[in-house]
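Chain by chain, the residues run as shown.
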Amino acid sequence: MNYLSMQSPTGPLTLFEEDGKIIVVTWGRTGGGTETPLLLEAKNQMAEYFTGERQSFDLPLNTQGTDFQQAVWRQMLAIPYGETKTYGDLAKALKSAARAIGGACGNNPIPIIIPCHRVMGANGKLTGFSGGEGIVTKQALLQLESLVKHGTKENKQQTEFKF
């Protein structure tokens, strides 16, 4: 398995590749690593995302999970940049329970690229996030997308991420 670490506004990230596909994105830095063409492209796309230049990712992914988790992750991929859905919205679409959706979100192996940060609690309440610094990281990702989507990209450069 190949991996490559990078710095981001939400802290260090490590991207993992196996068989030509991204399999994991995790917070934290891992020593060493291998600069494969795919990992370099993933790092570039992540950097573009954090500068507001990219709103969707074009990378081959391989997620390992149950059929239900896979269905939830596909639903998350369909949430447009700068928008959110609630756990209840996804539960209704999948004829499931919000709590089960939350469990699948928490097991998302490729956060940011599979945008679990765009899933909110009832009435838009900011709840649960297993990456980085938890809800603070989720809030920062949503703030970044909101600033870019609403034409205030230049203000994003002045926004301090607090980690």
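Further up the page is the structure itself.
Below or above, wherever it landed, is the structure these notes cover. Note that the coordinates shown come from a computational prediction; the quantities given were computed from them, not determined experimentally. (Residues numbered from 1 in each chain as written. Predicted model: local features only at pLDDT ≥ 70, side-chain atom pairs only at ≥ 80, totals over all residues. Heavy atoms only, no water.)

Met46, Met76 and Ile112 are the most contacted members of the largest nonpolar core, which totals 36 residues. Elements with a minimum of two residues in this core: strand S1 (2-6), strand S2 (13-18), strand S3 (21-27), helix H1 (37-50), helix H2 (67-77), helix H3 (87-94), helix H4 (98-106) and helix H5 (135-149). Take this core: its biggest share by element is six residues, from H1. (Core = buried A, V, L, I, M, F, W, Y, C linked by side-chain atoms within 4.5 Å. Buried < 20%, exposed > 50% of the residue type's maximum accessible area, 1.4 Å probe, protein only. Helix = DSSP H or I, 4+ residues; strand = E, 2+ residues; numbered from the N terminus.)

Moving on, we get to the pairing of S3. Taken together, the six bridges between S2 and S3 define a ladder with antiparallel strand orientation. Note that in S3 the partner of Thr14 across the bridge is Thr26. (Pairing = 2+ DSSP bridges.)

Moving on, we get to the pattern of salt bridges. Scanning all chains against the criterion turns up two salt bridges. Here Arg54 and Glu48 are joined by a salt bridge, their closest N and O atoms 2.8 Å apart. Here Glu145 ties to Arg118 by a salt bridge, and the two come within 2.9 Å at their closest N and O atoms. With Glu145 in helix H5 and Arg118 in the loop between H4 and strand S5 (119-120), the pair connects residues that are 27 residues apart, well separated along the chain. We classify Glu145 as buried; its relative accessible area is 1%. We classify Arg118 as buried; its relative accessible area is 6%. (Salt bridge = Lys/Arg side-chain N within 4 Å of Asp/Glu carboxyl O.)

With 14 residues, H1 should reach 20 Å at 1.5 Å per residue; the first-to-last C-alpha distance of 20 Å fits that figure. Considered for burial, the residues of H1 that qualify are Leu38, Leu39, Ala42, Gln45, Met46, Tyr49 and Phe50. When H1 is viewed along its axis, its buried side chains cluster within an angular range of 140 degrees and face the same direction. (Expected span 1.5 Å × (residues − 1). Arc of directions from axis to C-beta.)

Bringing the side chain of Arg54 into the picture now. When you line up the elements, Arg54 lands in the loop between H1 and H2. Here the side chain of Arg54 touches Glu48 through a polar contact of 2.8 Å, side chain to side chain. A distance of 2.9 Å separates the side chain of Arg54 from the backbone oxygen of Ser56, its partner in a polar contact. Once residues within four sequence positions are removed from consideration, Arg54 is found in contact with Gln45, Glu48, Tyr49 and Tyr81. (Polar contact = N/O pair within 3.5 Å; in protein donor to acceptor, adjacent residues only side chain to side chain. Contact = heavy atoms within 4.5 Å.)

Let's shift gears to the sheet that holds S2. Taking strand neighbours across the sheet as the criterion, the three strands line up as S1-S2-S3 in an open arrangement whose pairing is antiparallel. Strands at the two margins of the open sheet, each flanked by one partner only, are S1 and S3. Along the sheet, successive strands turn relative to each other by an average axial angle of 20 degrees, direction set aside. (Axes fitted to C-alpha atoms, helices over the stretch in contact; angles between N-to-C directions.)

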